[in-house]
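# Observations on the three-dimensional arrangement
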Amino acid sequence: MKIASLIAALVATAALTALGQDGVVQDVKHGAKKAGETIKDGLETAGEKTKETAKTVGRKTKETGETVVRKTKQAVDGTGEKASETTQKTHHKSRKAASKAKAQTTEEQTTDRDSNTPAPGQ
């Protein structure tokens, strides 16, 4: 009987140990599942943030490019206007000088004719 009691005790101990380990395994599985879900949620959040950041950077880059184009166009237009004004001023000065020279030449020709023409009654 002592051997039967000892065998029964060993079987009972083995059964309790197996049941206890099963609970521990279940706890470990549950903990691992929660940890996996937490990591998955974190990665999804990081992905969303990365996507938002990429959109923001893209938008800012586009705005900067548009600003550069606008400023360059303004600079070119401003340069064109200044060049046009300079050309107009130069043209005006040139015409004024030409008119002055023409008037001077006409005056000299008139003076020369007067000096070559004998005075009336001589």
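Refer to the structure printed above.
In this text the structure is predicted, and so the values were computed from the model without any measurement.

### Some points on the overall build of the chain
- Regarding its fold elements, the chain presents one helix and zero strands.
- Looking at the chain residue by residue over its 122 residues, the buried ones come to 0%.

### With respect to the pattern of salt bridges
- This structure, assessed with the given rule, holds one salt bridge.
- Arg59 is paired through a salt bridge with Glu63; the nearest N and O atoms lie 3.9 Å apart. Highlighted residues: Arg59 and Glu63, both in helix H1 (residues 2–116), separated by four residues, approximately one helical turn.
- Under the relative-accessibility criterion, Glu63 is labelled partly exposed at 36%.

### Here we look at a negative patch on the surface
- The grouping of Glu37, Asp41, Glu44, Glu48 and Glu52 at the surface amounts to a negative patch.
- When you line up the elements, Glu37 lands in helix H1.
- Owing to a relative accessible area of 42%, Glu37 belongs among the partly exposed residues under this scheme.

### Considering the environment of Thr64
- Mapped onto the elements of the fold, Thr64 is located in helix H1.
- Of the polar contacts made by the side chain of Thr64, one reaches the backbone oxygen of Lys60; its length is 2.9 Å.

Definitions and cut-offs
Residues numbered from 1 in each chain as written. Predicted model: local features only at pLDDT ≥ 70, side-chain atom pairs only at ≥ 80, totals over all residues. Heavy atoms only, no water. Helix = DSSP H or I, 4+ residues; strand = E, 2+ residues; numbered from the N terminus. Buried < 20%, exposed > 50% of the residue type's maximum accessible area, 1.4 Å probe, protein only. Salt bridge = Lys/Arg side-chain N within 4 Å of Asp/Glu carboxyl O. Patch = residues over 30% accessible without salt bridge, like charges linked within 9 Å, V, L, I, M, F, W, Y side chains within 5 Å. Areas by Shrake-Rupley, 256 points an atom, 1.4 Å probe, with all protein chains shown as cover. Lys, Arg positive; Asp, Glu negative; His and termini not counted. Charge placed at Lys NZ, Arg CZ, Asp CG, Glu CD. Polar contact = N/O pair within 3.5 Å; in protein donor to acceptor, adjacent residues only side chain to side chain.

By themselves, these are just geometric observations and shouldn't be taken as functional.
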